[in-house]
Amino acid sequence: MNGTRVGYARCSTDEQDVIIQTEQLLALDVPEDRIYIDRGFSGTTRRNRAGLDQALAAVWDGTVFTVTKFDRFARNMAEANDILTDPSDRGVLFGLGASVYDWNDPFGRLFLQTLAMVAEFEANIGHQRTREGMALAKRNGKLKGKQPKLPEPARRSIRRRYAEGEVSLADLAVEYSVGRSTIHRIIHGAPETAR
């Protein structure tokens, strides 16, 4: 079974799709039942990524942990080191597209560390641009903060109807397509105001 590939795909938001990554992994001979996916994770943190945990648990000596792009599994040096060290100690290789690298080989490690540095640099530049853009929008009065999920007329109606006993918290949540916690805040919390 040596050389068997185990694939991992990730997208940053629930709305994004991993179809292209999945197709590329299948083209690299990763069996469909060995492709593990995380949706809604930025890749800047290792925590709570069940798909990554499953992929790393599914590898064994001689398998190739495979991703289509380096930043799909790590965006900084510390994460790359954390993710690749344990599997490498178990004899697992790292596949980046069609290329295969050994984290325990000095040249392979140097190359992967260089990619990790570039991924970290790109992430940091992206964060810096976001902060600069937000600061500019705030200066120009365009950054208003988090807006209420429901307009004020709807919130007044919710408070009135709940106070009169017409409907339950759960019914209101379903009717307005929001979470029960949102309805609870509207009824019991401080009034939400747009900033």
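Fair warning: this is a prediction, and the values are worked out from it, not measured in the lab.

Participant: Tell me about the overall build of the protein, and name the residues and values.
Facilitator: Helix and strand content of the protein: 7 helices and 5 strands. The helix and strand sequence of the protein, counted from the amino end, reads β-α-β-α-β-α-β-β-α-α-α-α. Taking 16 Å as the expected radius of gyration for a compact globule of 195 residues, we find that the protein reaches 23 Å, considerably beyond that expectation. The principal-axis extent of the C-alpha atoms belonging to the protein is close to 70 × 40 × 25 Å. The buried share of the protein, reckoned over its 195 residues, is 37%. Summarising the internal contacts of the protein: among those between residues at least 6 apart in sequence, 63% fall at separations of at least 24. Where the 28 positive side-chain charges of the protein centre and where its 26 negative ones centre are 11 Å apart.

Participant: Give me the lowdown on the packing of helix 3 (residues 77-89) against helix 4 (residues 106-139), citing residues and values where you can.
Facilitator: Packing of helix 3 against helix 4 brings their axes to within 8 Å, and their N-to-C directions diverge by 140 degrees. When the axis of helix 3 is compared with that of helix 4, the two are oblique. Contacts between helix 3 and helix 4 pair Met 77, Ala 80, Asn 81 and Leu 84 from the former with Arg 109, Leu 112, Gln 113, Ala 116, Met 117 and Glu 120 from the latter. Across the contact of helix 3 with helix 4, the residue classes tally to 6 nonpolar, 2 polar and 2 charged.

Participant: An account of the nonpolar core is requested, with residue identities and associated values reported.
Facilitator: Counting 24 residues, the largest nonpolar core has Phe 65, Phe 70, Phe 73 and Phe 94 as its most contacted members. Contributing elements (two or more residues each) for this core: strand 1 (5-11), helix 2 (50-57), strand 3 (64-67), helix 3, strand 4 (93-96) and helix 4. Beyond its immediate stretch of four places on either side in the chain, Phe 94 contacts Val 64, Phe 65, Val 67, Phe 70, Phe 73, Leu 84, Ser 99, Val 100, Tyr 101 and Leu 112. Ala 154, Val 167, Leu 169 and Ile 186 belong to the second-largest nonpolar core, a separate cluster that totals 11 residues.

Participant: Can you lay out the domain arrangement of the protein for me, pointing to particular residues and giving the numbers?
Facilitator: Considered domain by domain, the protein is made up of domain 1 (5-112) and domain 2 (152-188). One C-alpha centre belongs to domain 1, the other to domain 2; they are set 44 Å apart.

Participant: Pulling in residues and values, what's your account of the pattern of salt bridges?
Facilitator: Within this structure, the stated rule accounts for 10 salt bridges. The shortest N-O distance in the salt bridge between Asp 86 and Arg 90 comes to 3.3 Å. Put simply, Glu 152 and Arg 155 hold a salt bridge, and the shortest N to O gap is 2.3 Å. Remark: Arg 155 and Glu 152 occur in helix 5 (residues 152-163); sequence separation between them is 3 residues, near one turn of the helix. Classification of Arg 155 by relative accessible area gives buried; the value is 4%. Bridged by salt links that share partners, the residues Arg 160, Arg 161, Glu 164, Glu 166 and Glu 175 form one connected network.

The rules we used
- Residues numbered from 1 in each chain as written.
- Predicted model: local features only at pLDDT ≥ 70, side-chain atom pairs only at ≥ 80, totals over all residues.
- Heavy atoms only, no water.
- Helix = DSSP H or I, 4+ residues; strand = E, 2+ residues; numbered from the N terminus.
- Rg over C-alpha atoms; globule rule 2.2 N^0.38 Å.
- Buried < 20%, exposed > 50% of the residue type's maximum accessible area, 1.4 Å probe, protein only.
- Contact = heavy atoms within 4.5 Å.
- Lys, Arg positive; Asp, Glu negative; His and termini not counted.
- Charge placed at Lys NZ, Arg CZ, Asp CG, Glu CD.
- Axes fitted to C-alpha atoms, helices over the stretch in contact; angles between N-to-C directions.
- Parallel < 35°, antiparallel > 145°, perpendicular 65-115°, else oblique.
- Nonpolar A, V, L, I, M, F, W, Y, C, P; charged D, E, K, R; others polar.
- Core = buried A, V, L, I, M, F, W, Y, C linked by side-chain atoms within 4.5 Å.
- Domains from an automatic or database assignment.
- Salt bridge = Lys/Arg side-chain N within 4 Å of Asp/Glu carboxyl O.

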